[in-house]
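Notes for the structure review
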Amino acid sequence: MSKTYFDETHCAIGHPKSTFMQWMLTIDHKRIGIMYAAVMFVFFFVAVFTAFAMRLELFAPGGQYMDGDTFNQAFTLHGVIMIFLFIIPGIPAVFGNIVMPLMIGAKDVSFPRLNWFTFWLYIAGCCIALASLFIGEGVADTGWTFYAPYSMNTGTNVIMALVAAFVLGFASILTGLNFLVTIHRLRAPGMTFFKMPLFVWGIYATAWIQLLATPVVGITLVLAILEKYFGIGIFDPAKGGDPVLFQHLFWIYSHPAVYLMILPAFGIMSEIIPTFSRKEVFGYRTIALSSASIAGIGYLVWGHHLYTSGMSDIAKTVFSFLTFFVAIPTGVKFYDWVATMYQGKIVLSTPMIWALGTIITFAIGGITGITITMIGMDVHLQDTYYTVAHFHYAILGGVVFLMFAGMHYWFPLITGKMYNETKAKIAFYLNFIGFNLLWFPMFIAGYYGMPRRYFDYLPEFEIYHQISFIGAVIFISGLIYMFWVFFKGWTKGEATTPNPWNATTLEWHLPTSPPPLDNHSKVPYVDFDPYEYKHGEPVVKFNYETMQRID
Ligand code: HEM
Ligand SMILES: [Cu+2]
């Protein structure tokens, strides 16, 4: 058995003997991706824990065991962790790192040392965020959007949270830069842009957003810090500033950031659907180009977050109009996925049922998004639980679910082992049922006027919160169970072959599973499309040692 990337690694400094230091200093893209995953999921569970604390408080009207101030801190902590520490780095940091270079036949990313530095910058950002819990007057209570003027006036430790977000933003920019250069420079010979796997397209479109949009939020956060310390009067109306300006600057980044989360997730969907339909993907070019156009349109629609903040009617109308356009390329992708499955040899393995489930949940998230794109509807639904349900359907039922789909899909590649299929499916159904029970009632509660960010409510909303609570218990059990199944699979699972799914893209044509340190034994020559199937069988076959085609 030849050595895998678990046995040996390249390090940023020297050749440490201890395994621990080898991991700390590793510049191998696969190991760095695993490190990101480990840290991110720890934070994910911390945020799930604060969410559960909120659901427990909301179980009945009136205060149960926390006061309003604590509740404000709980949802801020939940939102900041989920958004800045977990889902923005999310799929690019984990699967962009682990599989993107493998998919284009590269030995690593273009700048492996920068990749190492970026990971530690991310850790630094996380540490600053954590420190804000213990230093000063407690966690920020502003919500994850840090809206002025409240964030300028509250006594809580907003500054540190802003600095953390700034550092994390830097890490995001550097990741994007590294991936852009990698995709441009390190593709295997013969692999033109339109021969790249669709996940690589997703990462590519995302990387541009990371590079071009993140600096805007960086500057905004710096302005907020200056305002708070020196009172320079940018956002504070008492000093001639404009609080709505903060919202504009904030959403100019944060709306594209939503696509930064979802585009790589769509990329995962576009890998799984053809693999488990054993069919060439339908409309390859339209999927690829729709990622690019979503990334572009995403810059023009931030105003839909400000319908109720005071904007001219013309501005509102234009933003509403433009927002609808995002639905077009998104719809194109959905139709392409469904058309890919049509007359395919569908295999219902766990990654595929996650993908199919996500088509449902993300569609609900997307369609309810369209409803609040309409100005009149939004005036009614803004800051209600309808909106909370909408974004949880989109982010949790879209991005996070597809991340889970990807974890099942690439699990054999990363670990060389297989999880228990039946148990993994049970975990899926727990998650799927729990999730819908958790969030669907909130559309109704929000529609009837249950406001968000409130720790108390009128008795008529009780039933929705109670159903939601039961959903949360099932969902969180499902999450824990799923990670348990992964853990068991990794430690005790059966060994797999390099290509257990009969997939066609390059990351499945490695000499060993898990992959060796330097990935493919030879640089492959790519004179084929990414998803070539004939009669349900992959067309291109490789000799994994020489990387020569043998079909
Ligand atoms: C176990 C699953 C989850 C539960 C039970 C949950 C629950 C909640 C609750 C109760 C709120 C407060 C709503 C309000 O009063 O306005 C909330 C807010 C929020 N959640 Fe989640 N959530 C979960 C997962 C996620 C995930 C995966 C993300 C994103 C990756 C996320 C992002 C957010 C954001 C951004 C807010 C708004 C925070 C704010 O208003 O500042 N949540 N969630
Ligand atoms: Cu938006």
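Before reading further, recall that the structure is shown in the block above.
Residues numbered from 1 in each chain as written. Chains lettered and ligands numbered in written order. Predicted model: local features only at pLDDT ≥ 70, side-chain atom pairs only at ≥ 80, totals over all residues. Heavy atoms only, no water.

**Section: the overall build of the chain**
The number of helices and strands found in the chain is 17 helices and 6 strands. Principal-axis analysis of the C-alpha atoms places the extent of the chain at approximately 70 × 55 × 45 Å. A total of 551 residues make up the chain; the buried ones form 60% of that total. A sequence separation of at least 24 residues applies to 79% of the contacts in the chain between residues at least 6 apart. Summing over all exposed atoms, the chain offers an accessible surface of approximately 21200 Å²; the carbon and sulfur share of this is 70%. Each charge sign in the chain was given a centre, from 29 positive and 31 negative side chains, and these centres are 11 Å apart. (Helix = DSSP H or I, 4+ residues; strand = E, 2+ residues; numbered from the N terminus. Buried < 20%, exposed > 50% of the residue type's maximum accessible area, 1.4 Å probe, protein only. Contact = heavy atoms within 4.5 Å. Areas by Shrake-Rupley, 256 points an atom, 1.4 Å probe, with all protein chains shown as cover. Lys, Arg positive; Asp, Glu negative; His and termini not counted. Charge placed at Lys NZ, Arg CZ, Asp CG, Glu CD.)

**What about the coordination of the copper ion (ligand 2)?**
Those donors, H255 (ND1), H304 (NE2) and H305 (NE2), are the protein atoms that reach the copper ion (ligand 2), and they lie 1.6 to 2.0 Å from it. Each donor residue of the copper ion (ligand 2) lies on one chain, and together they are spaced H-x48-H-H. A relative accessible area of 12% means that H304 is categorised as buried. (Donors = N, O, S within 2.8 Å, 3.2 Å for Na, K, Ca; no water.)

**Notes on the coordination of the iron atom of ligand 1**
In this structure, H78 (NE2) and H392 (NE2) serve as the protein donors to the iron atom of ligand 1, at separations of 2.0 to 2.1 Å. Metal-centred angles of 86 to 179° between the 6 donor atoms at the iron atom of ligand 1 mark the site as octahedral. Of the two residues, H78 is situated in helix 3 (residues 68-87) and H392 in helix 15 (residues 385-415); the sequence distance between them amounts to 314 residues. (Tetrahedral: all angles 85-135°; square planar, octahedral: opposite > 155°, others 65-115°.)

**Let's talk about the site of ligand 1**
Near ligand 1 you find 24 residues, and of these H78, W144, H392, R452 and R453 are the closest. The separation between a nitrogen atom of ligand 1 and a polar side-chain atom of H78 is 2.8 Å. Within the side chain of H392, an N or O atom sits 2.8 Å from a nitrogen atom of ligand 1. Breaking the shell around ligand 1 down by element, the ones donating at least two residues are helix 2 (29-57), helix 3, helix 15 and helix 16 (421-447). The element that contributes the greatest number of residues to the shell around ligand 1 is helix 15, accounting for 7 residues. Residue composition of the shell around ligand 1, by class: 18 nonpolar, 3 polar and 3 charged. (Near = heavy atom within 4 Å. Polar contact = N/O pair within 3.5 Å; in protein donor to acceptor, adjacent residues only side chain to side chain. Nonpolar A, V, L, I, M, F, W, Y, C, P; charged D, E, K, R; others polar.)

**A few points about helix 4 (residues 90-98)**
Most of helix 4 sits inside the fold, with 9 of its 9 residues counted as buried. G90, I91, P92, A93, V94, F95, G96, N97 and I98 are the residues of helix 4 that are buried.

**Considering the packing of helix 10 (residues 243-277) against helix 12 (residues 313-341)**
Taken N-terminus to C-terminus, the directions of helix 10 and helix 12 make an angle of 15°; their axes are 9 Å apart at the nearest point. Looking at the two axes, helix 10 sits roughly parallel to helix 12. Once helix 10 is placed against helix 12, the crossing between them reads as left-handed. Mapping the contact onto sequence places Y259, F266, M269, S270, I273, P274 and S277 in helix 10 and V326, T330, K333, W337, T340 and M341 in helix 12. (Axes fitted to C-alpha atoms, helices over the stretch in contact; angles between N-to-C directions. Parallel < 35°, antiparallel > 145°, perpendicular 65-115°, else oblique. Left-handed = near helix turned anticlockwise from the far one by under 90°.)

**Looking at the state of the cysteines**
Going through the model one piece at a time under the given rule, you end up with 0 disulfides. In this model C127 remains outside any disulfide bridge; the closest cysteine sulfur is found in C126, 6.8 Å from its own. What makes C127 partly exposed here is its relative accessible area of 45%. (Disulfide = S-S within 2.5 Å.)

**Quick notes on the packing of helix 9 (residues 198-230) against helix 10**
Across the interface, helix 9 lies against helix 10 with an axial gap of 8 Å and an inter-helix angle of 160°. Between helix 9 and helix 10, the angle is such that the two are roughly antiparallel. Crossing hand, helix 9 versus helix 10: left-handed. Split by residue class, the contact of helix 9 with helix 10 holds 21 nonpolar, 7 polar and 1 charged.

**A look at the packing of aromatic side chains**
Inspection of every chain in the model, using the stated rule, returns 64 aromatic pairs. Considering the side-chain rings of F95 and W410, the 5.1 Å spacing of their centres and the 45° angle between planes classify their relative orientation as tilted. Of this pair, F95 sits in helix 4 while W410 sits in helix 15, placing them 315 residues apart in sequence. Here F95 falls in the buried class, since its relative accessible area comes to 2%. The buried category is assigned to W410, whose relative accessible area is 0%. Judged by centre distance (5.5 Å) and plane angle (25°), the ring pair of F428 and F432 falls under stacked. With F428 and F432 both in helix 16 and 4 residues apart, this pair spans about one turn of that helix. Positioned over the ring face of W23 is R31, at 4.4 Å from the centre of the ring. Lying across the ring of F194, R285 places its NZ or CZ 4.0 Å from the centre. (Phe/Tyr/Trp six-rings, centres within 6.5 Å; stacked < 30°, edge-to-face > 60°. Lys NZ or Arg CZ within 6 Å of the ring centre and 35° of its normal.)

**What to know about helix 11 (residues 284-297)**
The end-to-end C-alpha distance of helix 11, which contains 14 residues, comes to 20 Å, matching closely the 20 Å that a straight helix rising 1.5 Å per residue would cover. Buried within helix 11 are the following residues: Y284, I287, A288, S290, S291, I294, A295 and I297. Contact partners of the buried residues in helix 11: helix 9, helix 10 and helix 12. (Expected span 1.5 Å × (residues − 1).)

**So, a nonpolar patch on the surface**
Taken together, F166, F170, V222, L226, Y229, F230 and I232 make up a surface patch of nonpolar side chains, about 690 Å² in accessible area. Elements supplying a minimum of two residues to the nonpolar patch: helix 8 (158-185) and helix 9. Sorting elements by how many residues they give to the nonpolar patch places helix 9 first, with 4 residues. Relative to the assigned elements, F230 resides in helix 9. According to the relative accessible area criterion, F230 is exposed, its value standing at 62%. (Patch = residues over 30% accessible without salt bridge, like charges linked within 9 Å, V, L, I, M, F, W, Y side chains within 5 Å. Salt bridge = Lys/Arg side-chain N within 4 Å of Asp/Glu carboxyl O.)

**A closer look at the layout of surface pockets**
If a probe the size of a water molecule is rolled over the atoms, the empty space left behind becomes visible. One number sums up the size of the second largest pocket: a volume of about 540 Å³. Taken together, 21 residues line the second largest pocket, and the ones lying closest to its centre are I34, A37, A38, M407 and W490. Elements with a minimum of two residues in the lining of the second largest pocket: helix 2, helix 4, helix 15 and helix 17 (462-492). The leading source of residues in the lining of the second largest pocket is helix 2, at 6 residues. Taken together, the residues that form the lining of the second largest pocket break down as 19 nonpolar, 2 polar and no charged. (1 Å grid on protein atoms, 1.4 Å probe; cavity = no way out; pocket = protein on both sides within 12 Å on 5 of 7 lines; lining within 4 Å. Points joined across faces, edges and corners; volume = space filled by probe spheres on them.)

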